[in-house]
Amino acid sequence: MKIYKGEGVSRGVAFGKINLYEKAAAAAEKYTVENTENEIARFENARAQAIAQLALLFTKTKESLGEENSLLFQIHQMMLEDLDYCDSVKEIIRGEKVNAEYAVSETAARFAEMFATMEDEYMKGRAADVRDVSGRVLDILTGGGKEKTILQQPYILVAEDLAPSETAQLDKTYVQAFVTAGGSRNSHTAIFARTMGIPAVIGLEGALQNLPDGADCIVDGAAGEVYVEPDQETAARLRKKQEAEQARKKLLSLYKDRPTQTKDGKKTELCANIGNLNDLQFALDNGAEGIGLFRSEFLYLESTDYPTEEAQFTVYKTALQKMAGKRVVIRTLDIGADKQAAYFDLPKEENPAMGMRAIRICLTRPAVFETQLRALYRSSAYGRLAILLPMITSVEEVRRVKEIAAGVQRRLEEENIPFAPDVELGVMIETPAAAVISDLLAKEVDLFSVGTNDLTQYTLAADRQNQSIAQFCDTHHPALLRLIRLSADNIHKEGKWIGICGELGADESLAETFMRMGIDELSVTPTAILPLRAAIAELDLSNEEEKQ
Ligand code: PEP
Ligand code: MG
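For the structure given in this document, a descriptive report is provided here. (Residues numbered from 1 in each chain as written. Chains lettered and ligands numbered in written order. Predicted model: local features only at pLDDT ≥ 70, side-chain atom pairs only at ≥ 80, totals over all residues. Heavy atoms only, no water.)

1. Some points on the overall build of the chain
Here comes step 1: A tally of helices and strands in the chain yields 21 helices and 16 strands.
Here comes step 2: Taking 548 residues into account, the globule formula puts the C-alpha radius of gyration at 24 Å, and the chain, at 25 Å, falls close to it.
Here comes step 3: The C-alpha extent of the chain, read off along each of the three principal axes, is 85 × 70 × 40 Å.
Here comes step 4: For the chain, the residues scored as buried account for 55% of the 548 residues in total.
Here comes step 5: Within the chain, counting contacts between residues at least 6 apart in sequence, those at least 24 apart form 70% of the total.
Here comes step 6: A total accessible area of about 23,500 Å² is found for the chain, and carbon and sulfur atoms account for 51% of it. (Helix = DSSP H or I, 4+ residues; strand = E, 2+ residues; numbered from the N terminus. Rg over C-alpha atoms; globule rule 2.2 N^0.38 Å. Buried < 20%, exposed > 50% of the residue type's maximum accessible area, 1.4 Å probe, protein only. Contact = heavy atoms within 4.5 Å. Areas by Shrake-Rupley, 256 points an atom, 1.4 Å probe, with all protein chains shown as cover.)

Have a look at this one:
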């Protein structure tokens with residue numbers, strides 16, 4: 001047995017076999033072969049496997065995200081069945097006497113180039129698809145992306161790091177835990193693991209080298225420990241820990257339908273952060289009083305082209321209907337920095353976290369933004385919607401958004417498309433600038449939500465993705481707490497409400513501080529709702545003010 005230690009970022013104990021997730025090489029190596037028919041058979045075999053994977057993904061996505069969002073996988077399937085595509089691969093193999101990997105990657109490049117030069121915008125967009133689907137075949141040919149081959153049993157996913165788009169596209173049916181070499185507590189993979197209630201350990205140096213593919217493994221998310229080929233005694237001890245964890249969950253379930261209030265009756269609202277409709281079910285199962293943050297960018301990350309107005313409308317409408325009149329705060333797309341979608345074709349930047357991201361993209365690409373706003377306003381006819389703007393730094397930005405939103409509403413009216421007249425507009429406090437001018441912003445919008453993940457990184461100048469500077473990133477830093485208090489005071493003076501939707505909102509040791517500030521809502525990963533409600537129920541604020 002070997003024990004490795006990293007940082008536990010999502011609690012729970014998981015058992016499974018290790019599945020190494022290695023990214024396929026960008027361009028395949030070229031070498032000559034004697035037996036070209038053998039290469040063609042390898043290609044045919046990989047193609048058949050890829051088609052089977054896509055069929056499975058199509059069914060799963062259709063169930064969770066609806067028909068529109070799953071169509072992509074059908075298009076990919078059709079591409080692999082296209083005769084021209086297959087003939088091109090075979091001709092390259094036979095004509096140049098080369099390996100299948102090279103022929104696939106060369107065909108992908110030629111087809112992508114052909115699509116990219118077409119007039120029609122839709123066909124242009126297919127360039128990314130042909131690259132994507134060829135990557136899938138290459139993964140199979142090179143033995144990368146092994147997650148697909150041991151899909152049928154529970155496994156522990158081990159990776160160097162996982163980009164949000166990769167996490168979003170993973171088939172999660174059998175993932176029992178995540179272990180990564182990189183990452184950080186507030187990275188989206190960690191957030192995703194907590195949302196799903198999957199144990200996760202990050203910052204485990206040499207993970208890919210030390211954790212052998214296929215080995216038996218136990219992950220203890222709370223302790224940040226990973227056991228490879230555990231002995232019987234360890235397995236029994238951790239089985240007990242897993243049972244205790246389950247018993248704790250049962251106890252907490254008593255809080256599911258209770259209001260969130262302290263012993264002396266001071267209330268707040270406890271809502272959930274979600275990234276898609278699957279998470280919404282976790283939110284409901286855990287007694288969420290609303291959705292405090294719907295990270296809509298995951299819709300963009302889960303697809304290989306801009307999601308259409310119709311596709312977005314279906315998802316937003318379903319979320320509002322499922323929440324049955326409870327407020328659903330949907331954040332407009334927060335693409336950029338670590339959340340990259342290739343088809344946005346964002347410029348390569350030295351400091352992407354401080355670059356073209358979130359609201360900056362929306363304001364410079366109004367067509368993309370207007371499509372999302374149309375979908376949002378249309379969905380507002382089906383429930384209680386609030387729209388939240390990420391990465392705001394100035395009053396002018398908010399005013400420009402209000403103008404664009406007014407235009408969208410006007411056009412909907414002209415087209416006789418219904419939408420609610422009272423959709424609330426909110427601003428995220430994610431930059432020190434927004435906190436400092438929160439008095440001015442409070443005159444412009446209805447509500448606020450503090451994104452402590454970004455507010456921390458921008459206040460302390462500490463990159464949230466960089467594990468090596470974790471020691472300089474004090475999430476209880478007085479500067480951060482003062483900015484939150486200042487915002488709360490300014491916003492309450494204008495009679496508006498303020499929530500916290502960053503990870504700090506779930507920090508039980510700050511629950512008293514936030515309750516005393518009068519924070520109106522805490523929005524946390526679904527699995528944090530019940531423990532936090534239980535912790536708040538233990539507080540008594542009738543005694544003297546806590547010392548700061
Ligand atoms: C935040 O920054 O705290 C936040 C909630 O947004 P995200 O984590 O998606 O950047
Ligand atoms: Mg943020």
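2. Description of the sheet that holds strand β5 (residues 175–180)
Here comes step 1: The sheet built from eight strands is open, its strands ordered β1-β8-β7-β3-β4-β5-β6-β2 with mixed pairing. The open sheet has two edge strands, β1 (2–5) and β2 (7–10), and neither has a second partner. With direction set aside, neighbouring strand axes in the sheet form an average angle of 30°.
Here comes step 2: Strand direction decides the pairing type here: β2 and strand β6 (residues 200–202), joined by three bridges, are antiparallel. Bridging from a neighbouring strand, Ser10 pairs with Ala200 of β6.
Here comes step 3: Sheet contacts for helix α7 (residues 188–196): β2, β5 and β6; angle to β2, the most-contacted strand, approximately 55°.
Here comes step 4: Contacts between helix α9 (residues 232–252) and the sheet are confined to β3 (13–21), β7 (216–220) and β8 (225–228), with β3 contributing the most and set at about 115° to the helix. (Pairing = 2+ DSSP bridges. Axes fitted to C-alpha atoms, helices over the stretch in contact; angles between N-to-C directions.)

3. Some details on the site of ligand 1
Here comes step 1: The full set close to ligand 1 counts 15 residues, and Arg295, Arg331, Gly451, Asn453 and Arg464 are the nearest of them.
Here comes step 2: Thr452 is positioned such that a nitrogen or oxygen atom in its backbone is 3.1 Å from an oxygen atom of ligand 1.
Here comes step 3: Bound to the protein, ligand 1 loses 100% of the 290 Å² it would expose on its own.
Here comes step 4: Of all the secondary structure elements, the ones that give two or more residues to the shell around ligand 1 are β10 (291–295) and α18 (452–459).
Here comes step 5: Counted by class, the shell around ligand 1 contains three nonpolar, five polar and seven charged residues. (Near = heavy atom within 4 Å. Polar contact = N/O pair within 3.5 Å; in protein donor to acceptor, adjacent residues only side chain to side chain. Nonpolar A, V, L, I, M, F, W, Y, C, P; charged D, E, K, R; others polar.)

4. Some details on the packing of aromatic side chains
Here comes step 1: In the structure shown here, the tally under the stated rule is eight aromatic pairs.
Here comes step 2: Taking the centre distance of 5.2 Å and the plane angle of 35° together, the rings of Tyr343 and Phe344 count as tilted. For the pair Tyr343 and Phe344, one class covers both residues: buried.
Here comes step 3: What links up through ring pairs into an aromatic cluster is the set Tyr300, Tyr306, Tyr343 and Phe344.
Here comes step 4: The ring of Tyr382 carries Lys317 above its face, with NZ or CZ at 4.7 Å from the centroid. (Phe/Tyr/Trp six-rings, centres within 6.5 Å; stacked < 30°, edge-to-face > 60°. Lys NZ or Arg CZ within 6 Å of the ring centre and 35° of its normal.)

5. Let's talk about the coordination of the magnesium ion (ligand 2)
Here comes step 1: Bound to the magnesium ion (ligand 2) are the protein donor atoms Glu430 (OE) and Asp454 (OD), situated 2.0 Å from the metal. Linking Glu430 in the loop between β13 (424–429) and α16 (432–436) with Asp454 in helix α18, this pair joins segments that are 24 residues apart in sequence.
Here comes step 2: On the accessibility criterion, Glu430 (2% relative accessible area) is buried. (Donors = N, O, S within 2.8 Å, 3.2 Å for Na, K, Ca; no water.)

6. Structural notes on the packing of helix α14 (residues 366–379) against helix α15 (residues 395–414)
Here comes step 1: It is at 10 Å that the axes of α14 and α15 come closest, and there the two elements cross at 60°. Regarding the angle of α14 to α15, the classification is oblique. Seen along the crossing, α14 lies across α15 with a hand that is right-handed. Contacts from Phe369, Glu370, Leu373, Arg374, Tyr377 and Arg378 in α14 reach Val401, Ile404, Ala405, Val408, Gln409, Arg411 and Leu412 in α15.
Here comes step 2: The class makeup of the residues in the contact of α14 with α15 is eight nonpolar, one polar and four charged. (Parallel < 35°, antiparallel > 145°, perpendicular 65-115°, else oblique. Left-handed = near helix turned anticlockwise from the far one by under 90°.)

7. Comments concerning the sheet that holds strand β14 (residues 447–450)
Here comes step 1: Around the barrel, eight strands lie side by side as β9-β10-β11-β12-β13-β14-β15-β16; this closed barrel has parallel pairing. Adjacent strand axes in the sheet meet at a mean angle of 25°, parallel and antiparallel pairs treated alike.
Here comes step 2: The pairing of strand β15 (residues 497–500) with strand β16 (residues 521–524) spans two bridges and is classified as parallel. When the sheet's bridge partners are listed, Ile500 is paired in β16 with Leu522.

8. Looking at the environment of Asn35
Here comes step 1: Here Asn35 is to be found in the loop between β3 and α1 (36–65).
Here comes step 2: Sequence spacing of Asn35 and Val104 is 69 residues, and the spatial spacing of their C-alpha atoms is 17 Å.
Here comes step 3: Side-chain polar atoms of Asn35 contact the backbone nitrogen of Glu37, separated by 3.3 Å.

9. Digging into the packing of α18 against helix α19 (residues 478–493)
Here comes step 1: Relative orientation of the contacting elements α18 and α19 amounts to 125°, with a least axis distance of 10 Å. On the basis of the axis angle, α18 is oblique to α19. For the pair α18 and α19, the sense of crossing is right-handed. Listed contacts from α19 to Thr452, Leu455, Thr456 and Thr459 of α18 are Ala479, Leu480, Leu483 and Ile484.
Here comes step 2: Looking at side-chain class alone, the contact of α18 with α19 contains five nonpolar, three polar and no charged residues.

10. Things to note about the pairing of strand β4 (residues 155–159)
Here comes step 1: The element β4 is largely enclosed, with a buried count of five among its five residues.
Here comes step 2: Side chains of β4 alternate between two faces, with Tyr155, Leu157 and Ala159 and Ile156 and Val158 buried alike.
Here comes step 3: Pairing analysis gives five bridges linking β3 to β4, with the strands arranged parallel. Looking across to β4, one finds that Ile18 is bridged to Ile156.
Here comes step 4: By the bridge criterion, five bridges tie β4 to β5 in an arrangement that is parallel. What sits directly across from Leu157, in β5, is Phe178.

11. What about the pattern of salt bridges?
Here comes step 1: Taken as a whole, this structure holds 31 salt bridges when the rule is applied.
Here comes step 2: Where Glu512 meets Arg516, a salt bridge forms, and the shortest distance between an N and an O atom there is 3.0 Å. Here Arg516 and Glu512 lie together in helix α20 (residues 511–517), a separation of four residues that amounts to about one turn.
Here comes step 3: Judged by relative accessible area, Glu512 falls into the partly exposed class, the value being 24%.
Here comes step 4: A single salt-bridge network, built from bridges that share partners, covers Glu297, Arg331, Asp334, Lys339, Arg357, Asp454 and Arg464. (Salt bridge = Lys/Arg side-chain N within 4 Å of Asp/Glu carboxyl O.)

12. Here we look at the environment of Lys62
Here comes step 1: By secondary structure assignment, the location of Lys62 is in helix α1.
Here comes step 2: Judged by its relative accessible area of 37%, Lys62 falls in the partly exposed class.
Here comes step 3: Through-space distance from the C-alpha of Lys62 to that of Phe73 is 9.9 Å; in sequence the pair is eleven residues apart.
Here comes step 4: Here Lys62 is in contact with Glu67 and Ser70, once residues within four sequence places are set aside.

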